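Listed below are the residues making up each chain.
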Amino acid sequence: MTLDPRAREVLQRIEGIAALPTIARRAIDLLDNPHSNVDQICAVASVDPGLVTLLLRTVNSAYFGLRSRVTSVKHALVILGIEKFRRLIVASALMQKFRGVSKAVDEAFWDHALHAAQWSKEIGRHLRLDNPDDLYICGLIHNTGHFVILLYFKSESKIIEAAVRSGAPPVRAEKDILGWTHAEIGAWLFHHWKMPEEIIESAFYHHHDLRRVKPKKDLRSSTLVVHLAAALTDIDPASGAYDYDEKLEKTFRSHEGLLALQDIDAVKLSDEVSAACEAVRKIFAKS
Ligand SMILES: [Fe+2]
């Protein structure tokens, strides 16, 4: 791939922030090592209380509806297995990494991630796709690149915001100013962290016009679900209930050619997503 000088400079800066917290990195190394055992992995993952809290919050959110709550790292590892635990620890590590700059950014990051995750899981469940809980993780972290730009490219972020205020489409403004979109930055980081292909692909395509992607048949159903979930999450509820419902229906209908959504009641599902997010927020508030 040939990069223009500006995009190359941005890549160097992204590489500089790509390191995961050391504890998560060591846990992943142990997960990848066939000679390590459950106790060793749990001992390393449990060293950082912040990471443990996020990990347990995430597993209880993704698996919300389980009769018994997951209360320990070992429990999470045993019920999830190595591959799902690996996804979970990277997702938790990056939630930890991209927080703490400002309360407003943290809240926006979490609220957006939670809604996209819940939408992804619920749409996957209604479509009877395999592993809707894995879709939860795809949705949870699909927009990571946006927060990378907000937190690590502050001056460029201001220029992008000014361009958007002047009417430029946000993704176009990112491409023009950084040479990269937030979708590309997120997908690059997930590739760097050796995340599964479905997580990389769903982040990469989440703002693409999928009708123009060729060949469309090669896109995973998880990518199509996260695309819809991202579009639904981006609808501003502050626009009023009538306007919100109208945009909701329109967004669903725009994806009917890609997913079998005909039997889904968009407004009812939206209410279910909101209720589930509220319940998850309560879990988070307690832990
Ligand atoms: Fe996005």
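Here, every reference points to the structure presented above.
Worth saying up front: this structure is predicted, and the values here are computed from it rather than measured.

Draft legend 1. Focus on the overall build of the protein. Across its full length, the protein holds 15 helices and 0 strands. Over its C-alpha trace the protein gives a radius of gyration of 19 Å, about what one expects of a compact globule, namely 19 Å for 287 residues. Expressed as a percentage of the 287 residues in the protein, the buried residues total 37%. Summarising the internal contacts of the protein: among those between residues at least 6 apart in sequence, 61% fall at separations of at least 24.

Draft legend 2. Quick peek at helix H6 (residues 103-126). Under the 1.5 Å per step criterion, the end-to-end length of H6 is 34 Å for 24 residues, consistent within 8% with the ideal 34 Å. Within two residues after H6, Arg128 carries a phi angle of roughly 55°, on the positive side.

Draft legend 3. How the structure looks around the packing of helix H11 (residues 182-192) against helix H12 (residues 197-205). With their axes 7 Å apart at the nearest point, H11 and H12 run at an angle of 170° to one another. In terms of orientation, H11 lies roughly antiparallel with respect to H12. Residues Ala183, Glu184, Gly186, Ala187, Phe190 and His191 of H11 lie in contact with H12, whose contacting residues are Ile199, Ile200, Ala203 and Phe204. Split by residue class, the contact of H11 with H12 holds 7 nonpolar, 2 polar and 1 charged.

Draft legend 4. Focus on unusual backbone geometry. In this model, Asn131 sits at a positive phi of 50°, which is unusual for a non-glycine residue. Checked against the element boundaries, Asn131 lands in the loop between H6 and helix H7 (132-141). You can call Asn131 partly exposed: it has 14 C-beta atoms within 10 Å. Non-glycine residue Lys194 carries a positive phi angle of around 55°. Residue position: Lys194 is located in the loop between H11 and H12. By C-beta crowding, Lys194 is classed as exposed, having 11 other C-beta atoms within 10 Å.

Draft legend 5. Main features of the nonpolar core. With 73 residues, the main nonpolar core has Leu55, Ala76, Ile89, Ile137 and Ala229 as its most contacted residues. Counting residues per element, this core draws most heavily on helix H5 (residues 73-97), which supplies 11 residues. Setting aside anything within four residues of it in sequence, one finds Ile89 in contact with Ala24, Ala27, Ile28, Ala45 and Leu55.

Draft legend 6. Layout of the packing of helix H8 (residues 144-152) against H11. Between H8 and H11, the shortest axis-to-axis distance is 7 Å and the interhelical angle comes to 105°. The angle between H8 and H11 places the two elements in the roughly perpendicular class. Contacts between H8 and H11 involve Thr144, Gly145, His146, Val148 and Ile149 from the former and His182, Ala183, Glu184, Ile185, Gly186 and Leu189 from the latter. By residue class, the composition of the contact of H8 with H11 is 5 nonpolar, 5 polar and 1 charged.

Draft legend 7. Here's a closer look at the environment of Ala116. If you trace the backbone, Ala116 turns up in helix H6. A count of 26 C-beta atoms within 10 Å places Ala116 in the buried class. Note: C-alpha distance between Ala116 and Gly139 (23 residues apart in sequence) is 5.0 Å. Setting aside residues up to four positions removed in sequence, Ala116 forms contacts with Gly139, Leu140, His142, Asn143, Ala229, Ala230 and Thr233.

Draft legend 8. Highlighting the environment of Ser36. With respect to the secondary-structure elements, Ser36 resides in the loop between helix H2 (22-32) and helix H3 (38-45). Sequence spacing of Ser36 and Val73 is 37 residues, and the spatial spacing of their C-alpha atoms is 16 Å.

What counts as what
- Residues numbered from 1 in each chain as written.
- Predicted model: local features only at pLDDT ≥ 70, side-chain atom pairs only at ≥ 80, totals over all residues.
- Helix = DSSP H or I, 4+ residues; strand = E, 2+ residues; numbered from the N terminus.
- Rg over C-alpha atoms; globule rule 2.2 N^0.38 Å.
- Buried ≥ 20, exposed ≤ 12 C-beta atoms within 10 Å, placed from the backbone.
- Contact = placed C-beta atoms within 7 Å.
- Expected span 1.5 Å × (residues − 1).
- Axes fitted to C-alpha atoms, helices over the stretch in contact; angles between N-to-C directions.
- Parallel < 35°, antiparallel > 145°, perpendicular 65-115°, else oblique.
- Nonpolar A, V, L, I, M, F, W, Y, C, P; charged D, E, K, R; others polar.
- Core = buried A, V, L, I, M, F, W, Y, C linked by C-beta atoms within 7 Å.

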